[in-house]
Amino acid sequence: YQEQLTNLGIKTARLLPNDSAFDNYIGGYQPELVIFDRFMIEEQFGWRVRAICPNAARILDTIDLHSVRRAREQGLQNVRDKQDISSLVPSATKTILSSPDTLRELSAIYRSDLTFVISDYEQRLLRDHYNIPRELIRLCRFCYSSPSKGAPFAARRNFVTIGNFNHAPNRDAFTLLNERLWKEIRSRLPQEEGSAPELHIYGAYPTEQFLKLDNPKTGFRVKGWAKDVGETLGQYRVNLAPLRFGAGIKGKVSDGWQVGTPCAATSIAAEGMYEDFEFGGMVGDSVELFIEQARRLYTDQALWERSQINGIRIIQEIFNGDKNTERFLLDLESSQIRLNEKREQNFVGEMLWHHQNRSTEYFSRWIEEKNRT
């Protein structure tokens, strides 16, 4: 998408990590604020920005809390061979572990002047569980234009699921559908026009392993990349999101709501998506419940229409593009106000900068090596 950025008047540059050429570039540019895309990028470049452009506001965009997603993935892996086959989301995957990734991500948040999180769940987690000061965290939601109901219930058929094949939660969900869920879902559905409904799987970068699973006889169809997500999802009656781990906002769910497609989801897929509103579909974590809610959404027109309205309401209220854009711009502006004063009040952040990268340990090691040689 670099060409699209250029067409919008946005300059791009290819810069290497661990290279002082970055210092020269940003020193000549002298930005007023810098946004780091995920905590790993803040680790690579944050200290350089602080040294070369001390007056620039440093902002961390978490995308989602990667440490949460990784901890849940590890929790699932730990119980994968022992778990009750009736459960899609074992309790271990919901446990937030104090892992090295957690400490790295929290450190990046403290070192930054402001951090954007994408869901209200993650905002509460940082504030209430990890006790991150409120003034360091802001909510930055997805921005959608006005949603559309699209085609009515009777004009839609088949199931759909979508997600980048490079993303581990998606690969796990696709495998789960193939091995444990889809056959049973399909067996409970009536024939339509002489053929049973199909499940169509879309996503960029499908591997040969998944492409080989495409099977017209079972109705498990691997379609690959979708040119237009909205146009694609709007054709289907039910969206499936059996995620067993993950974090942040699930675009596969909200993209479906945007075009009037309800979703059968696990609690992980629904997390942070609907606040106090009714979910735009059904949520369940047991194998039996997920299969049954998929069947009901597909066959019960009244339930489907209520679910569609709920999803559209969530898009209008929670993911309203105009409202969320305005809030985001105000947060960016406020990040530059009284910057030095805010930094002085962020004692943990100042402490992390003072002892950056375990400086006392490595200073001691350097002295020891110097004396030895």
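Residues numbered from 1 in each chain as written. Predicted model: local features only at pLDDT ≥ 70, side-chain atom pairs only at ≥ 80, totals over all residues. Heavy atoms only, no water.

S.K.: I'd like a rundown of the overall build of the chain, residues and numbers included.
M.R.: When helices and strands are counted, the chain shows 17 helices and ten strands. On the principal axes, the C-alpha backbone points of the chain span a range of 80 × 50 × 40 Å. Within the chain, buried positions represent 48% of all 373 residues. Across the chain, contacts joining residues at least 24 apart in sequence account for 70% of those joining residues at least 6 apart. With an accessible surface of roughly 19,500 Å², the chain has 50% of that area assigned to carbon and sulfur atoms. Charge-centre separation for the chain: the mean point of 49 positive side chains lies 3 Å from the mean point of 50 negative side chains. (Helix = DSSP H or I, 4+ residues; strand = E, 2+ residues; numbered from the N terminus. Buried < 20%, exposed > 50% of the residue type's maximum accessible area, 1.4 Å probe, protein only. Contact = heavy atoms within 4.5 Å. Areas by Shrake-Rupley, 256 points an atom, 1.4 Å probe, with all protein chains shown as cover. Lys, Arg positive; Asp, Glu negative; His and termini not counted. Charge placed at Lys NZ, Arg CZ, Asp CG, Glu CD.)

S.K.: Residues and numbers for the environment of Leu176, please.
M.R.: With respect to the element layout, Leu176 can be found in helix 7 (residues 168–187). Classification of Leu176 by relative accessible area gives buried; the value is 3%. Separated by 102 residues in the primary sequence, Leu176 and Glu278 place their C-alpha atoms 26 Å from one another. Not counting residues up to four positions away in its chain, the partners in contact with Leu176 are Leu88, Leu181, Pro242 and Arg244.

S.K.: Can you lay out empty space enclosed by the protein for me, pointing to particular residues and giving the numbers?
M.R.: Applying the stated criterion across every chain, the model contains one cavity of 30 Å³ or more. The calculated volume of the largest cavity comes to roughly 50 Å³. As for the largest cavity, its lining consists of Arg58, Tyr110, Arg111, Ser112, Asp113, Arg343, Asn346, Gly349, Glu350 and Trp353. Listing elements by their share of the lining of the largest cavity, those giving two or more residues are helix 5 (100–111) and helix 16 (347–354). Tallying contributions element by element places helix 16 first for the lining of the largest cavity, with three residues. Classifying every residue of the lining of the largest cavity gives two nonpolar, three polar and five charged. (1 Å grid on protein atoms, 1.4 Å probe; cavity = no way out; pocket = protein on both sides within 12 Å on 5 of 7 lines; lining within 4 Å. Points joined across faces, edges and corners; volume = space filled by probe spheres on them. Nonpolar A, V, L, I, M, F, W, Y, C, P; charged D, E, K, R; others polar.)

S.K.: Lay out the packing of aromatic side chains in plain terms, naming residues and giving numbers.
M.R.: Applying the stated criterion across every chain yields a total of 16 aromatic pairs. A ring pair is formed by Tyr144 and Phe319, whose centres lie 6.2 Å apart and whose planes are at 75 degrees; its orientation type is edge-to-face. With Tyr144 in the loop between strand 4 (137–139) and strand 5 (159–162) and Phe319 in the loop between helix 13 (301–317) and helix 14 (321–334), this pair connects stretches of sequence that are 175 residues apart. A centroid spacing of 4.6 Å and a plane angle of 15 degrees characterise the contact between Phe159 and Tyr298, whose relative ring orientation is stacked. You can see Phe159 sitting in strand 5 and its partner Tyr298 sitting in helix 12 (residues 287–299), a full 139 residues away along the chain. Neither residue differs from the other here; Phe159 and Tyr298 are each classed as buried. Each residue in the set Phe142, Tyr144 and Phe319 is aromatic and connected to the rest through ring pairs, giving one cluster. Above the plane of the ring of Trp353 lies Arg111, whose end atom (NZ or CZ) is 5.9 Å from the centre. If you follow Arg237 out to its NZ or CZ, it ends over the ring of Tyr298, 4.5 Å from the centre. (Phe/Tyr/Trp six-rings, centres within 6.5 Å; stacked < 30°, edge-to-face > 60°. Lys NZ or Arg CZ within 6 Å of the ring centre and 35° of its normal.)

S.K.: Run through the sheet that holds strand 3 (residues 114–117), naming residues and quoting values.
M.R.: Taken together, four strands build an open sheet; the order of strands is 1-2-3-4 and the sheet is parallel. In the strand order of this sheet, the two ends are held by strand 1 (33–37) and strand 4, each with one partner. Each strand axis lies, on average, 25 degrees off the axis of its neighbour in the sheet, ignoring direction. Here strand 1 runs beside strand 2 (residues 57–61); their pairing, made up of five bridges, is parallel. Residue pairing in the sheet places Leu33 in a bridge with Ala57 of strand 2. Packed on one face of the sheet, helix 3 (residues 39–52) meets strand 1 and strand 2 and runs near 155 degrees to strand 1. (Pairing = 2+ DSSP bridges. Axes fitted to C-alpha atoms, helices over the stretch in contact; angles between N-to-C directions.)

S.K.: Run through the sheet that holds strand 10 (residues 281–283), naming residues and quoting values.
M.R.: With respect to topology, six strands assemble into an open sheet ordered 7-6-5-8-9-10, the strand pairing being parallel. The open sheet is flanked by strand 7 (220–224) and strand 10, the only strands paired with a single partner. On average, adjacent strands in this sheet sit at an angle of 20 degrees to one another, irrespective of strand direction. Sheet contacts for helix 10 (residues 251–258): strand 5, strand 8 (238–241) and strand 9 (263–265); angle to strand 8, the most-contacted strand, approximately 170 degrees. Seen against the sheet, helix 12 touches strand 5, strand 8, strand 9 and strand 10 and runs at an angle of roughly 175 degrees to strand 9.

S.K.: Explain the nonpolar core to me, and be specific about the residues and the numbers.
M.R.: Counting residues in each nonpolar core, the largest one holds 48 residues, and the members touching the most others are Phe159, Leu181, Ile185, Leu199, Leu240, Trp257 and Phe319. Looking at this core element by element, the count peaks at seven residues for helix 7. Every residue in contact with Phe159, bar those within four places of it in the chain, is listed here: Trp182, Ile185, Leu189, Pro197, Glu198, Leu199, His200, Tyr236, Val238, Leu240, Ala294 and Tyr298. Membership of the second largest hydrophobic core comes to 26 residues, among which are Phe36, Ala56, Ile109 and Leu136. (Core = buried A, V, L, I, M, F, W, Y, C linked by side-chain atoms within 4.5 Å.)

That is the geometry; function is a separate question.
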